[in-house]
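# Observations on the three-dimensional arrangement
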Amino acid sequence: MVMQSQNQNNPILTNKRAFKGIPVIDLSCPDDAKHLIVNACQDYGFFKVINHGVPLWLVSQLENETMGFFNMRQSEKDKYCPPNPLGYRSNTIGTNGDVGWIEYLLFTSNDFPTNSKTFSSVAKEYVEAVRKLGCEILELVAEGLKIEPKNVLSRMLSDEKADTVFRLNHYPPCPDHRPTTNGRNPIGFGEHTDPQLISIARSNTTSGLQICLSDGTWVPVPPDHTSFFINVDDLLQVMTNGRFKSVRHRVVTDKLKSRVSMIYFGGPPLMEKISPIGSLIEPGEESLYHEFTWFEYKSYGYKTKLADDRLSFFHKG
Ligand code: GA4
């Protein structure tokens, strides 16, 4: 009967909390933050942090250097395009046929080869500051979930072999007269979940980021260039046995303004074994995922298309 769909949309009847906007977590109040972070990770897999301690001069400096790079002539930028998904790319995302209205620089670990020494060293300093923020957030997660030791998650980001990815994106304005758009804003970066543990994103004042709620609704994320947006990624969903949600997200382009974003993807060392944390499995509950190494997950994930559900491959049953 039709009644069913009415009930599905009613947040009270479905026991889902109604969406009241992106959760904002003030990191200067850690005792509150640890509980609010856990709630946000369970409800949306997404939240914004303020009073994060990352110096804003460093953020602006990186944005300036980044725009300096993207403003270069195309032939200059193409010199930074090595024959793999790292370095400079435009339009293509990954290696399996995904495209977007985007150009970007993609780096791994501590290696940021760019056109200028200043750019490379600012990128390195920024990634270090954001990695520390990631560790702080994962420690609050551990405290909020009452799992021990406190560094059970954060140690994977601080490990010298941590598999870090860093991405600088530029979405040029996309006028709607282009044939691909059909009157709708075209996609800058298609819908997907991030494979790692957590992602930490910052953008300029241009909107575009959207997240998908558990009922399938897409909601726009209002830009805030002084804050950071945190995503729960696939591995954190696995380690919490599905309690935290790896957030599906995408970026739509703007007709007039260009958007620039900088994203740190915190991954563990490649040989780290990933499985649900025992103390998070309630009596009578089963582990939902097979154990795998990050290397296995990443190798599989990089063969998939952006929008694919990579987690289901490692799901039991
Ligand atoms: C999504 C998150 C990060 O941007 C990224 C992306 C990577 C790429 O751009 O090369 C992937 C994508 C991301 C997941 C599936 C594969 C790999 C593109 C793609 C189709 C750098 C990452 O680590 O995974």
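Tallying secondary structure elements over the protein chain gives 8 helices and 14 strands in all. The C-alpha atoms of the protein chain give 20 Å as radius of gyration, which agrees with the globular expectation for 317 residues (20 Å, within 12%). Along the three orthogonal principal directions, the C-alpha set of the protein chain runs to about 60 × 50 × 40 Å. The buried share of the protein chain, reckoned over its 317 residues, is 36%. Across the protein chain, every contact between residues at least 6 apart in sequence was considered, and the portion connecting residues at least 24 apart equals 71%.

Our next topic: the sheet that holds strand β10 (residues 228-232). Strand order in this open sheet of 8 strands is β1-β2-β10-β7-β12-β5-β4-β3, and the pairing throughout is mixed. Each edge of the open sheet carries a strand with a single partner, namely β1 (24-26) and β3 (87-93). Averaged over all pairs of adjacent strands, the angle between their axes in this sheet comes to 25°, without regard to strand direction. In this sheet, strand β5 (residues 164-171) lies alongside strand β4 (residues 98-108) in antiparallel orientation, the contact comprising 6 bridges.

Here we come to the site of the ligand. In the vicinity of the ligand, 17 residues are found, and the nearest of them are Pro85, Gly94, Asp194, Tyr302 and Leu306. Contributions of two or more residues to the shell around the ligand are made by β4 and β5. When the residues that make up the shell around the ligand are grouped by side-chain class, the tally is 8 nonpolar, 5 polar and 4 charged.

As a further point, take the pairing of β5. Summarising burial for β5: 7 of the 8 residues are buried, a large majority. Judged from the 8 bridges that link them, β5 and strand β12 (residues 259-266) form a sheet pairing that is antiparallel. Bridge pairing in β12 links Arg167 to Ile263.

Two elements in contact, helix α2 (residues 30-43) and helix α5 (residues 117-145), have axes separated by 8 Å at closest approach and are oriented at 85°. The pairing of α2 with α5 is recorded here as roughly perpendicular in orientation. Taken together, the residues of α5 that come into contact with α2 (itself represented by Pro30, Ala33, Lys34, His35, Ile37, Val38 and Cys41) are Ile137, Leu140, Val141, Glu143, Gly144 and Leu145. Split into classes, the residues belonging to the contact of α2 with α5 amount to 9 nonpolar, 2 polar and 2 charged.

About the cut-offs
Residues numbered from 1 in each chain as written. Predicted model: local features only at pLDDT ≥ 70, side-chain atom pairs only at ≥ 80, totals over all residues. Helix = DSSP H or I, 4+ residues; strand = E, 2+ residues; numbered from the N terminus. Rg over C-alpha atoms; globule rule 2.2 N^0.38 Å. Buried ≥ 20, exposed ≤ 12 C-beta atoms within 10 Å, placed from the backbone. Contact = placed C-beta atoms within 7 Å. Pairing = 2+ DSSP bridges. Axes fitted to C-alpha atoms, helices over the stretch in contact; angles between N-to-C directions. Near = placed C-beta within 6 Å. Nonpolar A, V, L, I, M, F, W, Y, C, P; charged D, E, K, R; others polar. Parallel < 35°, antiparallel > 145°, perpendicular 65-115°, else oblique.

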